[in-house]
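The primary structure of each chain is shown beneath.
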Amino acid sequence: MEASLQVKNCLVEIKKQLKEKRMTYQQIADKLGVSILTVKRQLNADDLGFKKLLCLCDAAGLSLTEILSEIEDKKVRHTSFTEEQDLAFCENESLYHYFTELFFNKKSPEIIQSNYHLTPASSHRYLRKLEDIGLISLSIKGKVSFLVEAPIGFVESTQFVLKEIENALQTVSKRLAEASKFEDYIVVKPLSLPNALLKQMHNEIEDIVSHYAELSERFYVGLEYPHTSLVICGYNNQTVKSSPTIKNFD
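Thresholds applied
Residues numbered from 1 in each chain as written. Predicted model: local features only at pLDDT ≥ 70, side-chain atom pairs only at ≥ 80, totals over all residues. Heavy atoms only, no water. Helix = DSSP H or I, 4+ residues; strand = E, 2+ residues; numbered from the N terminus. Contact = heavy atoms within 4.5 Å. Polar contact = N/O pair within 3.5 Å; in protein donor to acceptor, adjacent residues only side chain to side chain. Patch = residues over 30% accessible without salt bridge, like charges linked within 9 Å, V, L, I, M, F, W, Y side chains within 5 Å. Areas by Shrake-Rupley, 256 points an atom, 1.4 Å probe, with all protein chains shown as cover. Salt bridge = Lys/Arg side-chain N within 4 Å of Asp/Glu carboxyl O. Lys, Arg positive; Asp, Glu negative; His and termini not counted. Charge placed at Lys NZ, Arg CZ, Asp CG, Glu CD. Buried < 20%, exposed > 50% of the residue type's maximum accessible area, 1.4 Å probe, protein only. Arc of directions from axis to C-beta. Core = buried A, V, L, I, M, F, W, Y, C linked by side-chain atoms within 4.5 Å. Axes fitted to C-alpha atoms, helices over the stretch in contact; angles between N-to-C directions. Parallel < 35°, antiparallel > 145°, perpendicular 65-115°, else oblique. Nonpolar A, V, L, I, M, F, W, Y, C, P; charged D, E, K, R; others polar.

Draft legend 1. Structural detail: the overall build of the chain. If you tally the helices and strands in the chain, you get 12 helices and two strands. In sequence order, the secondary structure elements of the chain are arranged as α-α-α-α-α-α-α-α-α-β-β-α-α-α. In the chain, of all internal contacts separated by at least 6 residues, the share reaching a separation of at least 24 is 64%.

This is how it looks when you write it as structure tokens:
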């Protein structure tokens, strides 16, 4: 993790812990002997020197070493959205799409606001919510800094993706009968294979999809290419439907 991103994560953690301890910016300013505006500017800085970061922690009664250790522990896990972030996206699907435009498609808040005809108040709420759940940091002038790095995605237990898959399958199934383009397609193959072969097939499919997903995330996200969602679903027939019944032919 680059130093500037680590500092931003430290500042986010400091603000979070200040809130938990119910300490005000004025209290911190009094301990440091500076103005409250200086404290706000430092806590929302794009970058901050180690000495000032240490002073902020001392004034707040926090350990910079412990904060850095916690951030380091979270670093590996943060290639996936957290449970809190997943829940926030579930509760407000538009929040995820706003983050996608901001992070993956590299669009500024002003462009997003214009493209989607948002009010300034709505745009501000989206940004503040993304800051609350630890995805971005806002400077005192409203400049956006990201607290996560690509590639980033959802964990297997995600509720948001399951909801998105359900909606996508319903939408695509209605279009398949009249689809004439390559973009909408479905492949259904009944299989009777030993578990070992099924597992091998699953691993091979996962490797192939992961390869193309990585290409997308590293080189093509944000460019003018079609946005495609790929859902591969396999299920045990016996667990989802009853045995075939043949009735009298009237």
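The structure having been displayed, the exposition proceeds.
Draft legend 2. Quick look at the side chain of Glu131. Following the sequence through the fold, Glu131 ends up in helix 9 (residues 120-132). A polar contact of 3.5 Å, which involves the side chain of Glu131, links it to the side chain of Lys15. In this structure the side chain of Glu131 is engaged in a polar contact, spanning 2.6 Å, whose partner is the side chain of Arg128. With sequence-adjacent residues up to four places away left out, Glu131 is seen in contact with Lys15, Asn44, Ile136, Ser137 and Leu138.

Draft legend 3. Here's a closer look at the side chain of Asn105. On the secondary structure map, Asn105 appears in the loop between helix 7 (93-104) and helix 8 (109-115). At a separation of 2.5 Å, a polar atom in the side chain of Asn105 contacts the side chain of Glu101.

Draft legend 4. A negative patch on the surface, seen in detail. Judged by side-chain charge, Glu156, Glu204, Glu206 and Asp207 come together as a negatively charged surface patch. Inspection of the secondary structure puts Glu204 in helix 11 (residues 195-220). Judged by relative accessible area, which is 44%, Glu204 ranks as partly exposed.

Draft legend 5. Examining a nonpolar patch on the surface more closely. On the surface, Tyr185, Val187, Leu191, Leu193, Leu197, Leu198, Met201, Ile205, Leu230 and Ile232 cluster together into a nonpolar patch covering about 860 Å² of accessible area. Mapped onto the elements of the fold, Met201 is located in helix 11. Met201 gets classed as partly exposed once you look at its relative accessible area, which sits at 31%.

Draft legend 6. Spotlight on helix 3 (residues 36-43). For helix 3, the set of buried residues is Val39, Gln42 and Leu43. Buried residues in helix 3, looked at end-on, bunch into an arc of 95°, giving them a common side.

Draft legend 7. Examining the nonpolar core more closely. Grouped together as the largest cluster of nonpolar side chains are 23 residues, with contacts concentrated most on Phe89, Phe99, Leu102, Leu130, Leu135 and Ile136. When residues of this core are traced back to their parent elements, those giving at least two are helix 6 (83-91), helix 7, helix 9 and strand 1 (136-138). Looking at this core, the element that brings in the most residues is helix 7, giving seven residues. Ranked by size, the runner-up nonpolar core spans 20 residues in total, among them Cys10, Ile14, Leu56 and Ala59.

Draft legend 8. Spatial organisation of unusual backbone geometry. Phi is positive for Arg22, which is not a glycine, with a value near 60°. Inspection of the secondary structure assignment puts Arg22 in the loop between helix 1 (3-21) and helix 2 (25-32). A relative accessible area of 76% places Arg22 in the exposed class. Positioned with a positive phi, His117 is a non-glycine residue whose angle comes to about 55°. Secondary-structure assignment places His117 in the loop between helix 8 and helix 9. Exposure remark for His117: the relative accessible area of 72% places this residue in the exposed category.

Draft legend 9. Examining the pattern of salt bridges more closely. In total, this model carries three salt bridges according to the counting rule given. In this structure, Glu131 engages Lys15 in a salt bridge whose closest nitrogen and oxygen atoms are separated by 3.5 Å. On the criterion of sequence distance, the pair formed by Glu131 in helix 9 and Lys15 in helix 1 is long-range, its members being 116 residues apart. What makes Glu131 buried here is its relative accessible area of 13%. The partner of Lys107 in a salt bridge is Glu101, with the nearest N and O atoms 3.2 Å apart. Take Lys107: its relative accessible area is 29%, and that puts it in the partly exposed class. Judged by relative accessible area, which is 8%, Glu101 ranks as buried. Taken together, the shared-partner salt bridges in this structure form one network comprising Lys15, Arg128 and Glu131.

Draft legend 10. Layout of the packing of helix 6 against helix 7. Close contact between helix 6 and helix 7 brings their axes to 4 Å; oriented N to C, the two are set at 115°. The angle between the axes of helix 6 and helix 7 places the two elements in the roughly perpendicular class. Residues Ala88, Phe89 and Glu91 of helix 6 form the contact with helix 7, whose own contacting residues are Glu93, Leu95, Tyr96 and Phe99. In terms of residue class, the contact of helix 6 with helix 7 is made up of five nonpolar, no polar and two charged.

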